[in-house]
Amino acid sequence: MLRIGPVQLATNLLLAPIAGYCDLAFRTICREFGGVGLACTDLLSPQGLLRGTATSLDLAKTNDFDKPVGMQLYGSDPEIMAAGARWAVEHGATVVDINMGCPVDKVTKKDGGSKLLTDLSRAVSIAQRVVNELERCPLDCAEWMRRIGSGGVPPKSGPVPLTCKMRLCWHTADYESGNACSPHLARMLADVGVAAVTVHGRTTEMKFSGEVSRPGIARVVDAIGGRIPVIGNGDVREPADAVRMFRETGCDGVMIGRGALSTPWLFRDCWEVLSGNPCPAPPTIHEQVAMIRRFFDLMRTYRDDHYALFQINRRVSWFAKPLQRRLDDGKMEGIKPFKEAVRNARTPSAVYEALDRFDSGGLRGGFGAWEAESAAA
Ligand SMILES: Cc1cc2nc3c(=O)[nH]c(=O)nc-3n(C[C@H](O)[C@H](O)[C@H](O)COP(=O)(O)O)c2cc1C
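Each value, and the rule that gives it
- Residues numbered from 1 in each chain as written.
- Predicted model: local features only at pLDDT ≥ 70, side-chain atom pairs only at ≥ 80, totals over all residues.
- Heavy atoms only, no water.
- Domains from an automatic or database assignment.
- Contact = heavy atoms within 4.5 Å.
- Buried area = accessible area lost by both parts, 1.4 Å probe.
- Polar contact = N/O pair within 3.5 Å; in protein donor to acceptor, adjacent residues only side chain to side chain.
- Helix = DSSP H or I, 4+ residues; strand = E, 2+ residues; numbered from the N terminus.
- Nonpolar A, V, L, I, M, F, W, Y, C, P; charged D, E, K, R; others polar.
- Pairing = 2+ DSSP bridges.
- Axes fitted to C-alpha atoms, helices over the stretch in contact; angles between N-to-C directions.
- Salt bridge = Lys/Arg side-chain N within 4 Å of Asp/Glu carboxyl O.
- Buried < 20%, exposed > 50% of the residue type's maximum accessible area, 1.4 Å probe, protein only.
- Near = heavy atom within 4 Å.
- Areas by Shrake-Rupley, 256 points an atom, 1.4 Å probe, with all protein chains shown as cover.
- Phe/Tyr/Trp six-rings, centres within 6.5 Å; stacked < 30°, edge-to-face > 60°.

### What about the domain arrangement of the protein chain?
By the assigned domains, the protein chain splits into domain 1 (3–274) and domain 2 (285–376). For domain 1 versus domain 2, the distance between C-alpha centres works out to 32 Å. With 19 residues of domain 1 at the contact, the number on the domain 2 side is 16 residues. Buried surface at the junction of domain 1 and domain 2, both sides included, amounts to about 1600 Å², of which 62% is carbon and sulfur. By the criterion of area lost to domain 2, the three top residues of domain 1 are Tyr 21, Ala 25 and Ser 262, representing 29% of everything that side buries. At the junction of domain 1 and domain 2, the tally comes to 9 residue pairs in polar contact (both at pLDDT 80 or more). At the level of secondary structure, the elements contributing two or more residues to the side of domain 1 that touches domain 2 comprise helix H1 (24–33) and helix H12 (258–262). Considering every element that reaches the side of domain 1 that touches domain 2, the biggest residue donor is H1, with 7 residues. Class assignment for the residues of the side of domain 1 that touches domain 2 results in 9 nonpolar, 5 polar and 5 charged.

Listed below in structure tokens is the structure:
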């Protein structure tokens, strides 16, 4: 079973941070399906948290059901990162994570994210400073009980653990010539008290293209030699991929990102299969529609109607992917008008109407027909 520092997780499956997607509402629906050992916030700016910027505070939102939760920080200044880590501990983090893998210019131009893979001494000094800060603000037993969630085992007392999420290295040529920095970096991070590392098996230059390299992750596992857990990440879209990640890398946990965006029940499925059970049947169409409704309701509760509409407009295509597969038996004409209706919805009631009509088969005549009908009514 996967243990991160003092935190015993209920499963060895983790929900990845995906900026703009893995918010509290989405983490909640993944957890409701089951199988999530740990979920992480999207990357957070420590400066934003410390200044109390509305966007950062929204991104850092959590609650008692959303446990255990990692809060991911990005940046390059050890003091600011340490202050951000303390903020995270004071605001509900079960684990603090440092982003050492983001390839986006906005982050790397300020020496954060995967830019740290080009300056290992800075990466390690940030981690060391954050570990020291976390040791100065330990949680007591009662607080650990709140942070651990239902499936986990609470530690007695002590500091929140630090994890780091990295890529194989920056340059693909370095990886190909056997000079990826990740095995070396992972060892140095373990030396300064980092409790686990996650490795996305791509280089920075690859961004999200090409195939994930499981041998690259296996090299980090070998280098660490069991001192701390290594979590493998990349391209897990079905239970067989998770099985392969464990088998081919020897990793201790698997982190799943994009695969969960269309299939939030993927953790449940992976966990059942990894436990030797058959893969459960997918949710029915009715249950999937209920899940989309639940996501929208939670977004309205945790954020506001405007943001909830923005999110449901852009995410309906992801959610509709498994519906499309279910409807491939000839009744597919309902999907397109459904997606169009939700994408074009400008009020919550328009979203609910589209969901109701799709659920009852009422969008099969096409979006145009529905619009004409609605206009006539
Ligand atoms: C749109 C997008 C946003 C992402 N945001 C983050 C982030 O905030 N922090 C992070 O560590 N990784 C981030 N990632 C990387 C994912 O966590 C993950 O490492 C990557 O997508 C590979 O895993 P997957 O194939 O399971 O998605 C992001 C990926 C995407 C596609």
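### Brief notes about the sheet that holds strand E10 (residues 253–256)
Strand order around the closed barrel formed by 8 strands is E3-E4-E5-E6-E7-E8-E9-E10, with parallel pairing between neighbours. Strand-to-strand twist in this sheet, taken as the mean axis angle between neighbours without regard to direction, amounts to 25 degrees. As judged from the 5 bridges shared by strand E7 (residues 162–167) and strand E8 (residues 196–200), these two strands associate in the parallel manner. In the sheet register, Arg 167 faces E8, and the bridge partner there is His 200. The strands touched by helix H9 (residues 182–191) are strand E6 (95–100), E7 and E8; relative to E7, the strand with the most contacts, the crossing angle is about 170 degrees. With respect to the sheet, helix H13 (residues 266–274) is in contact with strand E3 (13–15) and E10, its orientation differing from that of E3 by roughly 170 degrees.

### Topic: the pattern of salt bridges
Applying the stated criterion to the full structure yields 23 salt bridges. Arg 294 serves as the salt-bridge partner of Glu 32, at 2.5 Å between the closest nitrogen and oxygen. Within this pair, whereas Glu 32 is found in helix H1, its partner Arg 294 is found in helix H14 (residues 285–302), the two being separated by 262 residues in sequence. The exposure class assigned to Arg 294 is partly exposed, which follows from its relative accessible area of 34%. In this structure, the salt-bridge partner of Arg 303 is Asp 58, at a minimum N-O distance of 3.3 Å. Separated by 245 residues along the polypeptide, Arg 303 in the loop between H14 and helix H15 (305–327) and Asp 58 in helix H3 (residues 54–59) bring together distant segments of the chain. Where salt bridges share partners, they join Glu 79, Arg 86, Glu 90, Arg 129, Glu 133 and Arg 136 into one cluster.

### Remarks on the site of the ligand
The full set close to the ligand counts 16 residues, and Pro 17, Gln 72, Asn 233, Asp 235 and Arg 258 are the nearest of them. Here an oxygen atom of the ligand and a side-chain polar atom of Gln 72 are 2.8 Å apart. Within the backbone of Gly 257, one N or O atom sits 2.8 Å away from an oxygen atom of the ligand. Coverage of the ligand by the protein amounts to 87% of the 610 Å² it exposes when considered alone.

### A look at the packing of aromatic side chains
All chains considered together, the criterion is met by 5 aromatic pairs. Ring geometry for Phe 33 against Trp 265: centres 5.5 Å apart, planes inclined by 65 degrees, an arrangement best described as edge-to-face. Within this pair, whereas Phe 33 is found in helix H1, its partner Trp 265 is found in the loop between H12 and H13, the two being separated by 232 residues in sequence. Overall, the relative accessible area of 23% leaves Phe 33 in the partly exposed class. An angle of 65 degrees between the planes, with centres 5.1 Å apart, marks the rings of Phe 295 and Phe 319 as edge-to-face.

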